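Chains, contacts and geometry: an overview
One-letter residues, chain by chain:
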Amino acid sequence: MRVSFYDIKAQYDELQAPMDAAVHAVISSGNYSMGENHRLIEGELAALHQMKHGIAVNSGTDALRIIMDAAGIQSGDEVITPAFTFVASVETIVQTGATPVFVDIDPATFCIDPAKIEAAITPRTKAIQPVHLFGQLADVKAITAIAEKHNLKIIEDAAQAIGSSFEGKPAGNFGIGAGFSFYITKNLGAAGDAGIILTNDDEIATACKSIRVHGMGRERYYYDHVGYTSRMDEVQAAVLRVKLTKFDEWNARRAKLAAVYYDVLANASVILPITSPGNNNTFHQFSIRTDRRDALQAHLKERGVDTMIYYPVPIHFHAPYEKYGHGAGSLPQSELVAKQILNLPIHQHLTVDQVAYAAKAIAEF
Ligand SMILES: Cc1ncc(COP(=O)(O)O)c(C=O)c1O
């Protein structure tokens, strides 16, 4: 049996007729920039997360970068974030001129450990950027309490958390703004790059809309900010709108597959991921841990089961970011998890039988 890690084409196969129609409607209309789909996807995604404003952009990375600019994060500021994350969480901070300050993770959830945040706060700290990794929210209850106490902004890296919520409140509602990614492999993936900023803050929304298009203000060719070219393409907006019709069903399929892993691996000698209480986990990833990770990965490969390692090296060990960290041993949980983690196949086009087969191969190992 073959168990693929991703199957993007299967999404198209399931939605071929509406997808072809939506893409054809855009390219035959000649209306390629900030058209009807762009306007509608902003409203639809804001509604999905019960939020006031959606600002559709080019990528999740741009979403984070634009929120930071809108929030006035700049040189001399510090932003607290984990090092066990995708690099975009950190590069966007560095691009503003601010300094990323790394805080270790809770290995059970893979998200930033709130118990370690206060020790990292200095007079220069402007914001905390939790990363809602693998489909569940970081401990937003504890993080919002710390942010309020120290008068810090929260910027949510929700790139992997579309559809995720905590105590019924969707990702994005816990800070001044959140960046979401629709990179092709995400639970909701475009046919290329796309992202969105969701915010409940009117001023941040106005600034983000302007920064998205060169910092242009209400009038054409008059500028309020230094900005970027970061509109979401109309074709991407159209594709996302079609996929959104299946989004709940696709996440339900992922939940069902996660249940199979929990069931079959209940007594296996691997560490299973924990969804902390109150979280609605959308299982962007299903990540197990073992000290024999590389051997397990090879064992699974021989049996046709594809796996990935997100992430093999925490950010403070990469050359461009070493200077912001404190070397080996400074973030022990991030460093340990990077050596142990193995991401198992969980996409919506796998069957229960395929996942049971993968889980049995792990148990057998
Ligand atoms: C945690 C995290 N942050 C940010 C990003 C950046 O998103 P994008 O690839 O759309 O720029 C990603 C996705 O790739 C991500 O996983």
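Residues numbered from 1 in each chain as written. Predicted model: local features only at pLDDT ≥ 70, side-chain atom pairs only at ≥ 80, totals over all residues. Heavy atoms only, no water.

1. Some points on the pairing of strand 11 (residues 286-289)
Side chains Phe286 and Ile288 of strand 11 all project onto a buried face; the interleaved residues Ser287 and Arg289 project onto the opposite face, where all are buried too. Pairing of strand 11 with strand 12 (residues 341-344) involves four bridges; the strand directions are antiparallel. Across the sheet, residue Ser287 finds its bridge partner in strand 12, namely Asn343. (Buried < 20%, exposed > 50% of the residue type's maximum accessible area, 1.4 Å probe, protein only. Helix = DSSP H or I, 4+ residues; strand = E, 2+ residues; numbered from the N terminus. Pairing = 2+ DSSP bridges.)

2. Remarks on the nonpolar core
The biggest cluster of nonpolar side chains holds 27 residues, and the ones touching the most others in it are Ile80, Phe84, Ile117, Ile128, Leu133 and Phe134. When contributions to this core are tallied by element, the ones reaching two or more residues are strand 3 (99-103), helix 6 (140-150) and helix 11 (332-340). The element best represented in this core is helix 6, accounting for three residues. The residue makeup of this core includes at least three contributed by each of domain 1 (8-103 + 112-244) and domain 2 (247-364). Non-local contacts of Leu133, meaning those with residues more than four positions away in its chain, are made with Phe84, Thr85, Phe110, Cys111, Gln160 and Tyr311. (Core = buried A, V, L, I, M, F, W, Y, C linked by side-chain atoms within 4.5 Å. Domains from an automatic or database assignment. Contact = heavy atoms within 4.5 Å.)

3. Re the domain arrangement of the protein
The domain boundaries assigned to the protein delineate domain 1 (8-103 + 112-244) and domain 2 (247-364). The centre of domain 1, based on its C-alpha atoms, is set 24 Å off from the matching centre of domain 2. Domain 1 puts 36 residues into the contact, and the matching count from domain 2 is 36 residues. Taking both partners together, domain 1 and domain 2 bury about 3000 Å²; carbon and sulfur atoms supply 58% of that area. It is Phe84, Phe134 and Asn187 in domain 1 that bury the most area against domain 2; as a group they hold 26% of the surface buried on that side. Summed over the shared surface of domain 1 and domain 2, the number is one salt bridge. Run the count over domain 1 and domain 2 and you get 23 residue pairs in polar contact (both at pLDDT 80 or more). Put simply, the parts of the chain that give the side of domain 1 that touches domain 2 at least two residues each are helix 1 (8-14), helix 5 (88-96), strand 3, strand 6 (165-166) and helix 8 (234-244). Take the side of domain 1 that touches domain 2: its biggest share by element is four residues, from strand 3. Of the residues belonging to the side of domain 1 that touches domain 2, the class tally is 19 nonpolar, eleven polar and six charged. (Buried area = accessible area lost by both parts, 1.4 Å probe. Salt bridge = Lys/Arg side-chain N within 4 Å of Asp/Glu carboxyl O. Polar contact = N/O pair within 3.5 Å; in protein donor to acceptor, adjacent residues only side chain to side chain. Nonpolar A, V, L, I, M, F, W, Y, C, P; charged D, E, K, R; others polar.)

4. A short note on the packing of aromatic side chains
Remark: the centre distance and the inter-plane angle together describe each pair of aromatic rings, the angle taken between the planes. The tally for this structure, following the rule as stated, stands at 13 aromatic pairs. A ring pair is formed by Tyr262 and Phe286, whose centres lie 5.1 Å apart and whose planes are at 75°; its orientation type is edge-to-face. Of this pair, Tyr262 sits in helix 9 (residues 247-264) while Phe286 sits in strand 11, placing them 24 residues apart in sequence. Owing to a relative accessible area of 0%, Phe286 belongs among the buried residues under this scheme. (Phe/Tyr/Trp six-rings, centres within 6.5 Å; stacked < 30°, edge-to-face > 60°.)

5. What about the packing of helix 9 against helix 12 (residues 352-364)?
Contact geometry for helix 9 and helix 12: axes closest at 9 Å, N-to-C directions at 30°. As summarised for this structure, helix 9 and helix 12 are arranged roughly parallel, according to the angle between their axes. Crossing handedness for the pair helix 9 and helix 12: right-handed. Within the contact between the two elements, helix 9 uses Lys256, Leu257, Val260, Tyr261 and Val264 and helix 12 uses Val352, Val355, Ala356, Ala358, Ala359 and Lys360. Tallied by class, the residues present in the contact of helix 9 with helix 12 amount to nine nonpolar, no polar and two charged. (Axes fitted to C-alpha atoms, helices over the stretch in contact; angles between N-to-C directions. Parallel < 35°, antiparallel > 145°, perpendicular 65-115°, else oblique. Left-handed = near helix turned anticlockwise from the far one by under 90°.)

6. A short note on the site of the ligand
Taken together, 14 residues lie near the ligand, and Gly60, Thr61, Gln160, Ser181 and Lys186 sit nearest. Between the ligand and Gly60 there is a distance of 2.8 Å, counted from an oxygen atom to a backbone nitrogen or oxygen. Within the side chain of Ser181, an N or O atom sits 2.7 Å from an oxygen atom of the ligand. When the ligand sits alone it has 380 Å² of accessible area, and the protein chains cover 92% of it. (Near = heavy atom within 4 Å. Areas by Shrake-Rupley, 256 points an atom, 1.4 Å probe, with all protein chains shown as cover.)

7. A short note on the pattern of salt bridges
Across all of its chains, the model carries 18 salt bridges by this definition. Residues Glu36 and Arg39 are paired through a salt bridge, measuring 3.3 Å at the closest nitrogen-oxygen approach. With Glu36 and Arg39 both in helix 3 (residues 36-48) and three residues apart, this pair spans about one turn of that helix. With a relative accessible area of 45%, Glu36 lands in the partly exposed category. The salt bridge involving Arg293 is made with Asp294; its shortest N-O contact spans 2.7 Å. Judged by its relative accessible area of 8%, Arg293 is buried. By relative accessible area, Asp294 is classed as exposed at 52%.

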